[in-house]
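Notes for the structure review
Next come the chains, spelled out residue by residue.
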Amino acid sequence: MLRRLVRLGLAAALTATTAGGVVAVSAPAQAALPHCNGAGVYTSTWSGARGATAWIPAYVSSTINFNCLLIRGDHSSGVGELQRTLQGIYGKYLGPSGVDNDFGGYTQSALRSVQSDIGISADGEYGPQTRDHLCWRWTGSDNSCIWLNNNH
């Protein structure tokens, strides 16, 4: 029975493909991105803040990849940098522990609030869209920030 179902599925896929259709199976976008396990220094290249730096969440291996995810339950210095920006730039309360490198309920709530305020999907998860729309805490300053691009 299982073989028959597999053959039917393959036949349907081949029929759709030969009829000009496209058969594609895709996983959720988040599945392709690693979880941020640390932080890296971003150096601005746009003219409004050329040379300014900010620490932002990153997947750190032999290279630094800023395309990564943070979700509730994560623990890293990247979470801490997100928390510093949420608290210092956006004035969000992170609970009694404050900046603790733990992505818990307070951090998720603060992130949802900021996402809503800046007009993006308020899902309480950090990814490339959130990264690109936050004004990041400028290195060496508690309340000045830089954008990662010049779209703001």
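Above this text sits the structure in question.
Residues numbered from 1 in each chain as written. Predicted model: local features only at pLDDT ≥ 70, side-chain atom pairs only at ≥ 80, totals over all residues. Heavy atoms only, no water.

What follows is about the state of the cysteines. Overall, the coordinates contain 2 disulfides when judged by the stated rule. Put simply, cysteine 36 and cysteine 68 are joined by a disulfide, and their sulfur atoms are 2.1 Å apart. Here the disulfide of cysteine 36 and cysteine 68 is right-handed, its torsion about the S-S bond being about 95°. You can see cysteine 36 sitting in the loop between α1 (2-18) and β1 (38-43) and its partner cysteine 68 sitting in the loop between β3 (64-65) and α2 (77-88), a full 32 residues away along the chain. You'll find cysteine 36 and cysteine 68 in the same group, each marked buried. Between the sulfur atoms of cysteine 135 and its disulfide mate cysteine 145 the distance is 1.9 Å. With the S-S bond torsion at 95°, the cross-link from cysteine 135 to cysteine 145 turns out right-handed. Here cysteine 135 is found in the loop between α4 (128-133) and β4 (136-137), whereas its partner cysteine 145 is found in strand β5 (residues 145-146), with 10 residues between them in sequence. Numbered by order of appearance in the sequence, the disulfide-linked cysteines of the protein pair as 1-2, 3-4. (Disulfide = S-S within 2.5 Å. Helix = DSSP H or I, 4+ residues; strand = E, 2+ residues; numbered from the N terminus. Buried < 20%, exposed > 50% of the residue type's maximum accessible area, 1.4 Å probe, protein only.)

So yeah, pure geometry; function would need other evidence.
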